[in-house]
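This is what each chain is made of:
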Amino acid sequence: MSKAFVKENDSDFEEEDDIPDPSPKGVKNYITPAGFKALQDELKQLRRVERPKVVEIVSWAAGNGDRSENGDYIYGKKRLREIDRRMRFLLKRMEAAEIVDPAAQPNKDRVYFGATVTYADEEENERTFRIVGIDEADLDRGEVSWVSPIARALLKSEIGDVVEVRTPRGPQSVEVTKISYETR
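Residues numbered from 1 in each chain as written. Predicted model: local features only at pLDDT ≥ 70, side-chain atom pairs only at ≥ 80, totals over all residues. Heavy atoms only, no water.

### Concerning the packing of aromatic side chains
The condition that has to hold: Between 30 and 60 degrees the pair is tilted, below 30 it is stacked and above 60 it is edge-to-face, where a pair is any two Phe, Tyr or Trp rings, Trp via its six-membered ring, whose centres lie within 6.5 Å. Labels follow the DSSP assignment, with helices taken as runs of H or I lasting at least four residues and strands as runs of E lasting at least two, numbered in each case from the N terminus. Burial classes: relative accessible area under 20% of the type maximum marks a residue as buried, over 50% as exposed, and values in between as partly exposed (1.4 Å probe, protein chains only).
Going through the model one piece at a time under the given rule, you end up with three aromatic pairs. On the basis of an interplanar angle of 65 degrees and a centroid distance of 5.1 Å, the ring pair of Y30 and W146 is categorised as edge-to-face. In this pair, Y30 is assigned in strand β1 (residues 29-31) and W146 in the loop between β5 (143-145) and α3 (149-154), connecting sequence segments 116 residues apart. Residue Y30 is classed as partly exposed on the basis of its relative accessible area of 23%. Look at W146 and you get buried, because its relative accessible area is 13%. With a centroid separation of 5.8 Å and 70 degrees between ring planes, the pair formed by Y119 and F129 is classed as edge-to-face. Taken as a pair, Y119 in strand β3 (residues 116-120) and F129 in strand β4 (residues 126-132) lie far apart in primary sequence, ten residues in all. For the pair shown, Y119 and F129 are each scored as buried. Among the aromatic residues, those joined into a ring-pair cluster are Y30, F113 and W146.

### Topic: the packing of helix α1 (residues 33-62) against helix α2 (residues 71-96)
For clarity, the cut-off: Interaxial angles span 0 to 180 degrees and are taken between N-to-C directions of axes, which are lines fitted to C-alpha atoms, for helices over the stretch in contact. Should an angle fall under 35 degrees it is called roughly parallel, over 145 degrees roughly antiparallel, and 65 to 115 degrees roughly perpendicular, with every other angle called oblique. For a crossing to be left-handed, the near helix must be turned anticlockwise from the far one by less than a right angle; the clockwise case is right-handed. For this scheme, ten residues count as nonpolar: Ala, Val, Leu, Ile, Met, Phe, Trp, Tyr, Cys and Pro. Four count as charged, namely Asp, Glu, Lys and Arg, and the remainder, Gly too, count as polar.
Direction vectors running N to C along α1 and α2 enclose 160 degrees, while the axes themselves pass 9 Å from each other. Compared by their axis directions, α1 and α2 come out roughly antiparallel. Here α1 and α2 pass one another in a crossing that is left-handed. Split by residue class, the contact of α1 with α2 holds 18 nonpolar, two polar and ten charged.

### Some points on a negative patch on the surface
Quick reminder of the rule: To count toward a patch, a residue needs a relative accessible area above 30% and no salt bridge. Like charges then connect within 9 Å, nonpolar side chains (Val, Leu, Ile, Met, Phe, Trp, Tyr) within 5 Å. With residues, only the protein chains shown are counted as cover, and all accessible areas are computed by Shrake-Rupley using a 1.4 Å probe. Take a side-chain nitrogen of Lys or Arg and a carboxyl oxygen of Asp or Glu: if they are within 4 Å of each other, that pair is a salt bridge. Think of it this way: Lys and Arg go in the positive column, Asp and Glu in the negative one, and His and the chain ends go nowhere. Each charge is placed at NZ for Lys, CZ for Arg, CG for Asp and CD for Glu.
Side chains of E122, E123, E124, E126, E164 and E175 sit close together on the surface and give a patch of like negative charge. As for its placement among the helices and strands, E175 is situated in strand β7 (residues 170-180). Look at E175 and you get partly exposed, because its relative accessible area is 35%.

### Details of the environment of Y30
As a reminder of what qualifies: Contact definition: two residues touch when any of their heavy atoms are within 4.5 Å.
For Y30 and E98, which are 68 residues apart along the polypeptide, the C-alpha to C-alpha distance reads 4.8 Å. With residues near it in sequence (within four places) discarded, Y30 still touches E98, V100, F113, G133, I134 and W146.

### Observations concerning the pattern of salt bridges
All told, the structure shown has twelve salt bridges when counted by the stated rule. With a closest N to O distance of 2.7 Å, E42 and R86 form a salt bridge. Taken together, the residues span a long stretch of sequence, with E42 in helix α1 and R86 in helix α2 at a distance of 44 residues. For E42, a relative accessible area of 29% translates into the label partly exposed. Taking the relative accessible area as the measure of exposure, R86 reaches 33% and is therefore partly exposed.

### Considering the confidence of the model for the chain
Selection criterion: The quantity known as pLDDT measures the predictor's confidence residue by residue, on a range of 0 to 100.
Summarising the model, the chain shows a mean pLDDT of 85, and 84% of its residues fall at 70 or more. In the model, residues 1-8 has pLDDT below 50 throughout and makes five contacts with residues more than four positions away in sequence or in other chains. Overall, residues 10-17 carries pLDDT values under 50, and its contacts beyond four positions in sequence, including any with other chains, amount to nine contacts.

### Regarding the sheet that holds β5
As a reminder, the rule being used: Strands are labelled as partners when DSSP assigns at least two bridges between them.
What the five strands build is an open sheet, ordered β5-β4-β3-β7-β6; its pairing is mixed. What marks the edges here is a single partner per strand, and that holds for β5 and β6 (162-167). Adjacent strand axes in the sheet meet at a mean angle of 45 degrees when their direction is disregarded. Taken together, the three bridges between β4 and β5 define a ladder with parallel strand orientation. Its bridge partner being in β5, R130 is matched across the sheet by E143.

### Focus: the nonpolar core
The condition is simple: Here the nonpolar core consists of buried residues drawn from Ala, Val, Leu, Ile, Met, Phe, Trp, Tyr and Cys, with membership extended through side-chain atoms lying within 4.5 Å.
V111, V117, F129, I131, I150 and L154 are the most contacted members of the largest nonpolar core, which totals 19 residues. Every element with two or more residues in this core is listed here: β3, β4, α3, β6 and β7. In contact with F129, other than residues within four places in its own chain, are A115, T116, V117, Y119, G142, V144, I150 and L154. Membership of the second largest hydrophobic core comes to 16 residues, among which are F36, L46, V54 and A61.

Have a look at this one:
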């Protein structure tokens, strides 16, 4: 059938290539076991709960006739595209994931992936954060990505080491005061 007789919008067909990759080029997608499980849980929720609900709504709305002015149908189709895009993103991230268990770290005296680090800045303010994967970083929970400037500066340092961190206000010296590898 000629495309002239079919009402289709090219934006309805999104390619997988338009999914942004949050990892810098050439960098592995390290992730903790808990972070990988969170990705799996989100995918399972989308696949088994959210998508079937939206498909049901779209099917019901499509049966109501005129789709051009049917809000449930239009919104449902848009939501389906969003869900499918997120599912493709999650699958792609899980395929590229390299699971690293912080508890299995043999050298717990140095800062590596999965470490919970406490450091003191030049004003003696102490801060604590955990170094995690790109997909699981959440500053509100005290988790930073291993590719963040603070994590990169502290990698391989030991307690008592003073390292320089690039901040928006310029370089700042921080001292590592505590390192632990707890599992969450």
